[in-house]
Each structure stands twice: as C-alpha cells, then as structure tokens.
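# Understanding the architecture of this molecule
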Amino acid sequence: MMQIAEMLAPSGLDPLPLARVAPSKAHERTLASYLLNRHRGAAAVRDILIADIRGFVDLGQSRAAADLLVVLSMLLARWPETRRRAPRPLAWDATAPSPHDV
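Structure report, in brief. Only a predicted model underlies this, so the values are computations on that prediction, with no experimental measurement involved.

Here we come to the pattern of salt bridges. The tally for this structure, following the rule as stated, stands at four salt bridges. Note that Arg46 is salt-bridged to Asp47, the shortest N-O span being 3.1 Å. Relative accessible area serves as the criterion here: at 34%, Asp47 is assigned to the partly exposed category. Here Arg63 makes a salt bridge to Asp67, at a shortest N to O gap of 3.8 Å. Of this pair, Arg63 and Asp67 both sit in helix H5 (residues 62-78), four residues apart, which is roughly one turn of the helix. For Arg63, a relative accessible area of 61% corresponds to the exposed category. For Asp67, a relative accessible area of 26% gives the class partly exposed.

Rules and cut-offs
Residues numbered from 1 in each chain as written. Predicted model: local features only at pLDDT ≥ 70, side-chain atom pairs only at ≥ 80, totals over all residues. Heavy atoms only, no water. Salt bridge = Lys/Arg side-chain N within 4 Å of Asp/Glu carboxyl O. Buried < 20%, exposed > 50% of the residue type's maximum accessible area, 1.4 Å probe, protein only. Helix = DSSP H or I, 4+ residues; strand = E, 2+ residues; numbered from the N terminus.

Structure follows, in structure tokens:
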C-alpha cells in the first residue's frame, strides 16, 4: 500500500505538521460521520478515510485532504487496532510439493 507521504506528495501536503494540528469540532464531527461505518469494522473506516483522502488529492482539494488527514490521525490515536499491520511473510517450506510435481 502506498504510504501517506507518497500519496500526498503531488498536493504539496506534508503529513507531519498536519498530524500535530489540534482537532477542531469540525474534525470531531467528521470523525463521527465516518464512525457510522464502524459496523463494517474499524479497519474499514480507516480504508474509507484513506480512499477519500486519495480522492481529494486527485481532485487537487488539498485543504479537504488535510482535514481528513487530521481525522485519520484522530482515528489511529483513539483506535490503535485500526493501524495497518504488515502481514508476516509465509515461510518457505522445502518439503511442500511444487506445482510442477503435481
């Protein structure tokens, strides 16, 4: 998955200063609206937020993308289980039959 900094590069937004912005009531309301999808799972809320950030970046709406980045940082801080974890690589098993042997 593309890193947030890579995703924001075309818009000129730097994610580090945005992550230190004090959330406003508008950010709280926006987070609350995204949490209406929590029945789909906290990870789904994160994925929806990231997709919306990408959409605003693609449209050149850097202010909206910046606001959603603040909301994303709020989500990650309050629900740490929403942080994407890289899956552990599968161990190679030399005893398993190869597709050519079957």
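Resuming the write-up.
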